[in-house]
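Each chain, written out:
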Amino acid sequence: MSALALEPCPTVDLIFPISGRFLPRDHAQALKDALCRAWPWLEVEPLAGVQCIKLVPGLEPQAMLSGRAKLLLRLSRERATELINATAIDLEVADQALHLGVPHVRELVPHTTLYAFHVAATDADEVAFMASVTQALSGLGVGGERVCGKRQQLTLASGVVPTFSLMLHGLAPEPSLHLQRHGIGPHRLLGCGIFIPHKSAAAV
């Protein structure tokens, strides 16, 4: 099947413009909690995912929000339609006010190169992590070449979760869409396993 013949993906990205002053650099848990307070169905929505918000670079624990900051929610097309028709919303994330403006839909389309900022790992062992990635991708029928990137960690209510960034390239259209929809690994609402298009397979 050619890329032109692919059916529209039942999952889409909903992109919210956001405004606020600061957020913690490690804000995944606080953001998830705030979003689930606003939309309680989010915790049980199949394949829902949240992309952590990009912040101004630096070393301080609290980071400024740039004027171009966005929130990405990966949702079913039906849930996205509900939120588009809703009003703008104000959140409190780690004691910081965050305003979500009116969102727009971005369709998931095939890309040969995809990138995830965080994929959850069981520990800090890169070899074991890549073995688990291979197993997960095999289960989804996704091939391509893999590049493991930076080791990081997320501080959650239940403790610290190690993560790695991950790039995949050389993906065919159908597996690319399938991976974007399903992701890999746990903690999707904490920003893990969410793959987005990347321009090239340069160093992660």
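Residues numbered from 1 in each chain as written. Predicted model: local features only at pLDDT ≥ 70, side-chain atom pairs only at ≥ 80, totals over all residues. Heavy atoms only, no water.

## With respect to unusual backbone geometry
A positive phi angle, near 50 degrees, is found at alanine 94, a position not held by glycine. Assignment of secondary structure puts alanine 94 in the loop between strand E6 (89-93) and strand E7 (96-100). Using a relative accessible area of 35% as the deciding quantity, one classes alanine 94 as partly exposed. (Helix = DSSP H or I, 4+ residues; strand = E, 2+ residues; numbered from the N terminus. Buried < 20%, exposed > 50% of the residue type's maximum accessible area, 1.4 Å probe, protein only.)

## Some points on helix H3 (residues 126-140)
With 15 residues, H3 ought to run about 21 Å at 1.5 Å a step, and its terminal C-alpha atoms sit 21 Å apart, in line with that. For H3, the set of buried residues is Phe129, Met130, Val133 and Leu137. Projected down its long axis, H3 shows its buried positions confined to an angular sector of 95 degrees, all on one face. For H3, the exposed residues set more than 90 degrees away from the buried face come down to Val127, Gln135, Ser138 and Gly139. Buried residues belonging to H3 abut strand E9 (113-120), strand E10 (145-156), strand E11 (159-169) and helix H4 (173-182). (Expected span 1.5 Å × (residues − 1). Arc of directions from axis to C-beta. Contact = heavy atoms within 4.5 Å.)

## Some details on the environment of alanine 128
Structurally, alanine 128 can be placed in helix H3. Sequence separation between alanine 128 and glutamine 153 is 25 residues, and the spatial gap between their C-alpha atoms is 16 Å.

## With respect to the environment of alanine 94
When the C-alpha atoms of alanine 94 and phenylalanine 22 are compared, they prove to be 9.7 Å apart, with 72 residues separating the residues in sequence. Residues contacting alanine 94, with those up to four places away along its chain left out, are Pro24 and Ala30.

## A closer look at the pattern of salt bridges
The final tally for this structure, using the stated rule, is seven salt bridges. Of the charged contacts, one joins arginine 79 and glutamate 45 as a salt bridge, the two residues approaching to 3.2 Å between their closest N and O atoms. Of the two residues, arginine 79 is situated in helix H2 (residues 77-84) and glutamate 45 in the loop between helix H1 (28-38) and strand E3 (49-51); the sequence distance between them amounts to 34 residues. Between arginine 77 and glutamate 107 there is a salt bridge whose closest N-O contact spans 2.8 Å. (Salt bridge = Lys/Arg side-chain N within 4 Å of Asp/Glu carboxyl O.)

## Regarding the sheet that holds E10
Across the sheet, four strands lie side by side as E10-E11-E9-E12; this open sheet has antiparallel pairing. Each edge of the sheet is formed by a strand with only one pairing partner; in this case those strands are E10 and strand E12 (196-197). Across two bridges, the pairing between E9 and E12 is antiparallel. The residue of E12 that forms the bridge with leucine 114 is proline 197. Along the sheet, H3 makes contact with E9, E10 and E11, crossing E10 at roughly 110 degrees. (Pairing = 2+ DSSP bridges. Axes fitted to C-alpha atoms, helices over the stretch in contact; angles between N-to-C directions.)

## Overview of the nonpolar core
If you look at the biggest cluster of nonpolar residues, it comprises 29 residues, and the most contacted ones within it are Phe16, Ile18, Leu35, Ile53, Leu71, Leu73 and Leu100. Breaking this core down by element, the ones donating at least two residues are strand E1 (11-20), H1, strand E5 (70-76), H2, E6 and E7. The next biggest cluster of nonpolar side chains, apart from the first, holds 17 residues, and it includes Ala121, Val133, Leu137 and Leu168. (Core = buried A, V, L, I, M, F, W, Y, C linked by side-chain atoms within 4.5 Å.)

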